[in-house]
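Structural characterization, general
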Amino acid sequence: MSAGLSWGLLASASVLCGVGMALLALSQDRNWRTVGLAQARAPYGRGLGWAFLTASLVPVLLRDGLSFAALLWPMLIAASAIGVAMILAYRPALLRPLARIACVNEGTAAPRNGA
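Below you will find a few notes about this structure. (Residues numbered from 1 in each chain as written. Predicted model: local features only at pLDDT ≥ 70, side-chain atom pairs only at ≥ 80, totals over all residues. Heavy atoms only, no water.)

Quick notes on the environment of Ser-6
When you line up the elements, Ser-6 lands in helix α1 (residues 3-26). A C-alpha to C-alpha distance of 8.7 Å links Ser-6 and Asp-64, two positions 58 residues apart in sequence. The residues contacting Ser-6, other than those within four sequence positions of it, are Met-1 and Arg-63. (Helix = DSSP H or I, 4+ residues; strand = E, 2+ residues; numbered from the N terminus. Contact = heavy atoms within 4.5 Å.)

Considerations on helix α4 (residues 57-90)
Along its 34 residues, α4 runs just 29 Å from first to last C-alpha, ending more than 12% under the 50 Å computed at 1.5 Å per residue. Approximately 125 degrees is the largest bend angle found in α4, and it occurs at Gly-65. Every buried residue of α4 is accounted for by Pro-59, Val-60, Ala-69, Leu-72, Leu-76, Ile-77, Ser-80, Val-84 and Leu-88. Among the structural elements, α1, α2 (29-35) and α3 (45-55) are those in contact with the buried residues of α4. (Expected span 1.5 Å × (residues − 1). Bend = angle between axes of the 7 residues up to and from the residue. Buried < 20%, exposed > 50% of the residue type's maximum accessible area, 1.4 Å probe, protein only.)

Thoughts on the packing of α1 against α4
Packing of α1 against α4 leaves a shortest axis separation of 8 Å and a crossing angle of 45 degrees. Of the possible angle classes, the one that applies to α1 and α4 is oblique. The handedness of the crossing between α1 and α4 comes out as right-handed. Between α1, through Ser-6, Leu-9, Leu-10, Ser-12, Ala-13, Ser-14, Leu-16, Cys-17, Gly-18, Met-21, Ala-22 and Ala-25, and α4, the contact on the second element is made entirely by Pro-59, Val-60, Leu-62, Arg-63, Leu-72, Trp-73, Leu-76, Ile-77, Ser-80, Ala-81, Val-84 and Leu-88. Here the contact of α1 with α4 is built from residues that sort into 18 nonpolar, 5 polar and 1 charged. (Axes fitted to C-alpha atoms, helices over the stretch in contact; angles between N-to-C directions. Parallel < 35°, antiparallel > 145°, perpendicular 65-115°, else oblique. Left-handed = near helix turned anticlockwise from the far one by under 90°. Nonpolar A, V, L, I, M, F, W, Y, C, P; charged D, E, K, R; others polar.)

With respect to the pattern of salt bridges
Here the structure, examined in full by the defined rule, presents 1 salt bridge. The residue Arg-63 makes a salt bridge to Asp-64 at a minimum N-O spacing of 2.8 Å. According to the relative accessible area criterion, Asp-64 is partly exposed, its value standing at 25%. (Salt bridge = Lys/Arg side-chain N within 4 Å of Asp/Glu carboxyl O.)

So, the nonpolar core
Residues Leu-76 and Val-84 are the most contacted members of the largest nonpolar core, which totals 22 residues. Once you skip the residues sitting within four places of it in the chain, Val-84 turns out to touch Gly-18, Met-21, Ala-22, Ala-25 and Leu-95. (Core = buried A, V, L, I, M, F, W, Y, C linked by side-chain atoms within 4.5 Å.)

Considering the environment of Val-84
As for its placement among the helices and strands, Val-84 is situated in helix α4. A relative accessible area of 8% means that Val-84 is categorised as buried. Between the C-alpha atoms of Val-84 and Leu-94, which are 10 residues apart in sequence, the distance is 10.0 Å.

Read these as geometric descriptors, not functional statements.
Following this line, the structure appears as structure tokens:
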């Protein structure tokens, strides 16, 4: 496997983990309000989050096989969880575009107080 493909698979797994963790975080009402959106949250956030996390296993398996993927995949999930927690703590507005995309009903993603 070429180095570019290997790095590409690792990058895609990292992005899938990050989006999955962000969606899982946004499926909680407190985090949804922290992002600064109206009280109604995306109804499919939790399911999509788990789907993205599960999908991130595929590039890891293709890249390293089962033996190392058993170590790398949980580490990617943990790193993504820490990253999303830091974003929620210091720059929650960075998750607002993802929240708007995940929201099925366009009217529920209106900014609060005109922000």
